[in-house]
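The primary structure of each chain is shown beneath.
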Amino acid sequence: MISRIGVIGAGQMGNGIAQVCAQAGYDVRLNDVSTDALDHAMANIGLHLDRAIGKGKLTQVERDHALARIQTGTDYAMFAECDLVIEAATEKEAIKREIFKRLIPSIRPDTIIATNTSSISITRLAASTDRPGSFIGMHFMNPVPVMALVELIRGIATDEKTFAAIRELAVKLGKQPVAAEDFPAFIVNRVLLPMINEAVYTLYEGVGSVEAIDTALRLGANHPMGPLQLADFIGLDTCLAIMQVLYEGLADSKYRPCPLLVKYVEAGWLGKKANRGFYDYRGEHPVPTR
């Protein structure tokens, strides 16, 4: 039975996962290499909970209890009594492998490890640990407190009891779990990221401006936000990383990352988190950069 959950990575995904787990009544251990990142994460979680109070979705007492359930730290020893540890670090396989290598000596033999990867092979990541049977992909959508979906991805060695335990947890977190096979980018990003990449190609080839492309998809396809605006929200570095996984993993030229996407990432224009991407967010209103 899962009662205490560890989360590695206090970025946008990690703090969202910590928040929903704490709101659902679980004790949470939130870890990051940076104490500043942890402080920022807790402030962010508090802000989101305050907004929920303002919308009548949460009481002050529930907010305070949720925050009290989250402990933060930089040492993996904090995971010693966790039943599950969810890795939510940056989308780079080498970094994730190093995290698992450091994590394993600090956790119990029966602790389940889940990864929030949005594209990397679960089988390959699991093989880098001492417990492939107790390893699973648990891909939350962004923003975690708002989005209902969680993709559950078995590696080739994932035990059925591991899958069942994580599926039950997802339901208790108020999420809708969907099983995906362990192929590059799984379901959502296998469909979504090539669409975003094609929107960048459409911009790159001069078919339309940023504003024209986003307006066309919002009004013509009834999307809640345009693909370039969505790319900025996801993070252009994350978009590029997923496209590279698709391109390398499926060896199909249709997944080649657009050179303009590469250029934006090289410039450090990573989207909203960097205040510049396909839109410039430094003023009062976002302004297209092309």
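All residue numbers refer to positions counted from 1 along the written sequence of the respective chain. Where local features are concerned, this predicted model is filtered to residues with pLDDT of at least 70; where side-chain atom pairs are given and counted, the filter is 80 or more; whole-chain, interface and lining totals use all residues. Note: side-chain values were computed over all heavy atoms of the structure, leaving out hydrogens and water.

(A) Unusual backbone geometry, seen in detail. Cis rather than trans, the peptide bond between Asn142 and Pro143 has omega equal to 0°. Note on placement: Pro143 falls in the loop between strand S6 (135-140) and strand S7 (149-154). Unusually for a residue other than glycine, Ala185 sits at a positive phi of about 70°. Every helix listed is a DSSP run of H or I at least four residues long, and every strand listed is a run of E at least two residues long, numbered separately from the N terminus. With respect to the helices, strands and loops of the structure, Ala185 is situated in the loop between strand S8 (176-180) and helix H7 (188-204).

(B) Expanded view of the side chain of Arg131. Among the structural elements, Arg131 can be located in the loop between helix H5 (122-127) and S6. For Arg131, the side chain forms a polar contact with the side chain of Asp130, separated by 2.8 Å. Apart from the residues lying within four places of it in its own chain, the contact partners of Arg131 are Ile104, Ile107, Arg108, Pro109, Asp110, Thr111 and Ile113. For this analysis, a polar contact is any N or O atom pair within 3.5 Å, provided that within protein one partner can donate a hydrogen and the other can accept it, and provided that sequence-adjacent residues contribute only side-chain to side-chain pairs. Throughout, a residue-residue contact means that at least one pair of heavy atoms, one from each residue, lies within 4.5 Å.

(C) Geometry of the pattern of salt bridges. Each salt bridge in this description consists of a side-chain nitrogen of Lys or Arg and a carboxyl oxygen of Asp or Glu lying within 4 Å of one another. Using the criterion set out here, one finds 15 salt bridges in the structure. For Glu87, the salt bridge goes to Lys96, with nearest N and O atoms at 2.5 Å. Burial classes follow relative accessibility: with a 1.4 Å probe on protein chains only, a residue under 20% of its type's maximum area counts as buried, one over 50% as exposed, and anything between as partly exposed. Owing to a relative accessible area of 1%, Glu87 belongs among the buried residues under this scheme. The class for Lys96 is buried, based on a relative accessible area of 0%.

(D) Up close: the sheet that holds S8. We treat two strands as partners when DSSP finds at least two bridges between them. Read across the open sheet, the 8 strands follow the order S3-S2-S1-S4-S5-S6-S7-S8; overall the sheet is mixed. A strand with exactly one partner marks an edge of an open sheet, and here the two such strands are strand S3 (70-73) and S8. Averaged over all neighbouring strand pairs, the angle between strand axes comes to 25°, with direction disregarded. Sheet topology note: the strand S2 (residues 27-31)/S3 ladder contains 4 bridges and is parallel. The convention used is that axes are lines fitted to C-alpha atoms, helices contributing only their stretch in contact, and that angles between N-to-C directions extend from 0 to 180 degrees.

(E) Molecular detail of the packing of H7 against helix H9 (residues 227-234). At a minimum axis separation of 9 Å, H7 and H9 run at an interaxial angle of 120°. Where H7 crosses over H9, the handedness of that crossing is left-handed. Residues Leu192, Met195, Ile196, Ala199, Val200 and Leu203 of H7 form the contact with H9, whose participating residues are Pro227, Leu228, Leu230, Ala231 and Ile234. A crossing counts as left-handed when the near helix is turned anticlockwise from the far one by less than a right angle, and as right-handed when that turn is clockwise.

(F) How the structure looks around the pairing of S6. The element S6 is largely enclosed, with a buried count of 6 among its 6 residues. Of the two faces of S6, the one carrying Phe135, Gly137 and His139 and the one carrying Ile136, Met138 and Phe140 are both buried. Pairing between strand S5 (residues 112-115) and S6: 3 bridges, direction parallel. Bridge pairing links Thr115 to Gly137 in S6. Both S6 and S7 contribute to a ladder of 5 bridges, which runs antiparallel. By the bridge assignment, Ile136 is partnered in S7 with Arg154.

These results come straight from atomic positions and should not be treated as a statement about function.
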